[in-house]
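What the coordinates show
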Amino acid sequence: MNLTLKIWRQKDSKAKGQMVDYKVTDISEHMSFLEMMDVLNEGLVAKGEEPVAFDHDCREGICGMCSLQINGEPHGPDRGITTCQLHMRMFKDGDTIVIEPWRAAAFPVIKDLIVDRTAFERIQQAGGYISVNTSGNTQDANAIPISKEAADKAMDAATCIGCGACVAACKNASAMLFTSAKVSQFALLPQGRVEATDRVMNMVKQMDLEGFGNCTNTGACEVECPKGISLENIARMNREYLAASVAKS
Amino acid sequence: MSGLIKSSIARKVAMALSALFLIIFLLLHFSVNFISVFSEDVFNEASHFMGTNPLVQFLMQPILIVGVVFHFVMGFVLEAKNKAARPVKYTKYSGGENASWMSRNMLVSGAVILAFLVLHFYDFWVHEITVKYVEGDMSGLIPGTEHLRYYEEMHEKFADPIRVAFYCLGFVLLSLHLLHGFQSAFQSMGIRKFRNVIVKLGNIYAIVIPLGFIFIALFHFITK
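What you see is a predicted model, and the numbers here were worked out from it, not measured in a lab. (Residues numbered from 1 in each chain as written. Chains lettered and ligands numbered in written order. Predicted model: local features only at pLDDT ≥ 70, side-chain atom pairs only at ≥ 80, totals over all residues.)

Glancing now at the overall build of chain B. A count of helices and strands for chain B gives nine helices and zero strands. Ordered by position in the sequence, the α and β elements of chain B form the string α-α-α-α-α-α-α-α-α. Across its three principal directions, the C-alpha atoms of chain B cover 65 × 40 × 35 Å. Counting all 224 residues of chain B, 27% fall into the buried class. Of all intrachain contacts in chain B linking residues separated by at least 6 positions in sequence, the fraction that spans at least 24 positions is 80%. (Helix = DSSP H or I, 4+ residues; strand = E, 2+ residues; numbered from the N terminus. Buried ≥ 20, exposed ≤ 12 C-beta atoms within 10 Å, placed from the backbone. Contact = placed C-beta atoms within 7 Å.)

Below, the structure is given as structure tokens:
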């Protein structure tokens, strides 16, 4: 198939970017979206032009690196997948595809389609961990009884790969789904309860400091999340936060 | 506790609490108005009680005004903050693919409701305050008669088709606002238990109450 691509090009974080049109031809419907981008870049390199910079790593939906806003939706029109898992069969011959970076004050553009997502790292570092004594007498995690329901819900929350699609999809550029998943994966387990109060307070504080917007429960994040993280996690974080606020004051 | 005021979650919860307060008030307001369809006398008595009872007038009314003002001001403040969180807009944004129109346009529906409230306050509240506290007439009677004035006044207001049309538009937008807002308030407070019941109850409330208000407005227009 032959396609027209409208891609955001931006030389560096300080440069003023713009949308640029490209044509790609003979694209197989079996290709992944990133393979189509590779074809585009090979053509640009052959012509001596600067290839389009975009994030990618594992290309199997695990690492959370790929991050393209495709035709107005994070990770494109398909559901429950990352950009690297998106296939060209989702598009038709002659289509125009608009490709942009995640847009959020907290995710500044580094170059072209690559954004700085270290805001997520800082939220994680503010409390997304448990403190474990690793001096040789670490307790076997399986020695602590955990209900099946809690284990399943914690695992569901832990599947968040931190790609940032929730922020990209949200009309308010809110990071509540990501933060709540990281709060929940620990809050649901006995090992995580020990530091639960400080964790939720510190992670929410960091989330607000990073300049993300406020959640208005549109649910766009849940729909676009490649891992299907539920809004239930946001409700849990809200409960955790309110309880922690009372406990701390 | 000071951190709580600055926190995004605390702001969400404050919005939710003020919303639930307004939802309860709306139910009360609807109940009193609905009486007017059945009985002029009972409506007059109920209105006179609400308009002259000191507890309603000097405790509940100020709380209501604070609740309304807070909900609107906070709504606009949050919208401004949310706009600032995405300084560079998308060239193409397919919001309709992943979220309802209602949830994405709470500011639009809220602004129309605010415009409606300005007219509504001018129509009834300013008039009430003028008669009772400026002119000092606490009797609630039509001058020179023994009849209470409330039903007559409402009936008179709803004789104007333009006013009725604008009121109906306000109620439609109120319905759209509630279709998202009702269940959203519970989600903000972290309440997920009975989620399906809350969503269904919210949908029923969001349709029945505004539709009821539209019915009352049209009833008085038709029977003018």
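The next subject is the interface of chain B and chain A. The interface is formed by 38 residues belonging to chain B together with 39 residues belonging to chain A. When contributions to the side of chain B that touches chain A are tallied by element, the ones reaching two or more residues are α1 (2–6), α2 (8–38), α4 (54–84), α5 (101–104) and α8 (161–188) of chain B. Partitioned by chemical class, the residues of the side of chain B that touches chain A number 15 nonpolar, 13 polar and 10 charged. (Nonpolar A, V, L, I, M, F, W, Y, C, P; charged D, E, K, R; others polar.)

Residues and elements named next belong to chain A. With 78 residues, the main nonpolar core has A104, C166, V167, A175, L177, V200 and F212 as its most contacted residues. Three or more residues apiece are contributed to this core by two domains, here domain 1 (3–111) and domain 2 (117–131 + 146–248). In this view, V200 contacts V183, M237, E240, Y241 and A244; residues no more than four positions away in its chain are not counted. Listed in part, the 18 residues of the second largest apolar core include I7, F54, C66 and L113. (Core = buried A, V, L, I, M, F, W, Y, C linked by C-beta atoms within 7 Å. Domains from an automatic or database assignment.)

Residues and elements named next belong to chain A. Each assigned domain of chain A is listed here: domain 1 (3–111) and domain 2 (117–131 + 146–248). Here the C-alpha centroids of domain 1 and domain 2 sit 28 Å apart. On the domain 2 side, the residues contacting the 18 residues of domain 1 number 17 residues. A breakdown of the residues in the side of domain 1 that touches domain 2 according to their chemical character gives nine nonpolar, seven polar and two charged.

Time to look at the confidence of the model for chain B. In the predicted model, chain B carries a mean pLDDT of 94, and 98% of its residues have values of at least 70. This complex was scored by the predictor with a pTM of 0.94 and an ipTM of 0.92. (pLDDT = per-residue confidence, 0-100.)

This part covers α8 of chain B. All names here are of chain B. If you check α8, its first and last C-alpha atoms are 39 Å apart, about what 28 residues at 1.5 Å a residue would give, namely 40 Å. Of all the bends in α8, the greatest measures close to 35° and is centred on L178. Phi turns positive, to about 80°, at G190, one or two residues after α8. (Expected span 1.5 Å × (residues − 1). Bend = angle between axes of the 7 residues up to and from the residue.)

What follows deals with the sheet that holds strand β5 (residues 96–100) of chain A. Residue and element names in this part refer to chain A. Here five strands make up an open sheet; going across it, the order is β2-β1-β5-β3-β4 and the pairing mixed. Strand pairing shows two members of the sheet lacking a second neighbour, β2 (18–24) and β4 (73–74), which therefore form its edges. When strand β1 (residues 3–9) meets β5, the two strands line up parallel, connected through four bridges. For I7, the partnering residue across the bridge sits in β5 and is I99. (Pairing = 2+ DSSP bridges.)

What follows concerns the pairing of β2 of chain A. Residue and element names in this part refer to chain A. Of all the seven residues making up β2, zero are buried; the element is thus mostly uncovered. With seven bridges joining them, β1 and β2 adopt antiparallel strand pairing. Of the residues in β2, the one forming a bridge with I7 is V20.

Let us look at helix α1 (residues 33–46) of chain A. Residue and element names in this part refer to chain A. With 14 residues, α1 ought to run about 20 Å at 1.5 Å a step, and its terminal C-alpha atoms sit 20 Å apart, in line with that. When α1 is considered as a whole, its buried residues turn out to be F33, M36, M37 and L40. Axial view of α1: buried residues confined to an arc of 100°, hence all on one face. Facing away from the buried surface of α1 by more than 90 degrees, the exposed residues are E42, V45 and A46. Against the buried residues of α1 lie β1 and β2. Backbone geometry just downstream of α1 places G48 in the positive-phi region, at approximately 80°. (Arc of directions from axis to C-beta.)

We now examine the pairing of β5 of chain A. One face of the sheet, then the other: side chains in a regular strand alternate in exactly this way. Looking at chain direction, strand β3 (residues 69–70) of chain A and β5 of chain A are connected through two bridges and run antiparallel. Bridging across to β5 of chain A, I70 of chain A finds its partner in I99 of chain A.

Glancing now at the packing of α2 of chain B against α4 of chain B. Residues and elements named next belong to chain B. The interhelical angle for the contact between α2 and α4, taken along N-to-C directions, is 140°, at an axis separation of 9 Å. When the interaxial angle is binned, α2 and α4 end up oblique. The interaxial crossing formed by α2 with α4 has left-handed handedness. Every residue of α4 that contacts α2 at R11, A14, M15, S18, A19, F21, L22 and F25 is listed here: L64, G67, V68, F70, H71, M74 and L78. (Axes fitted to C-alpha atoms, helices over the stretch in contact; angles between N-to-C directions. Parallel < 35°, antiparallel > 145°, perpendicular 65-115°, else oblique. Left-handed = near helix turned anticlockwise from the far one by under 90°.)

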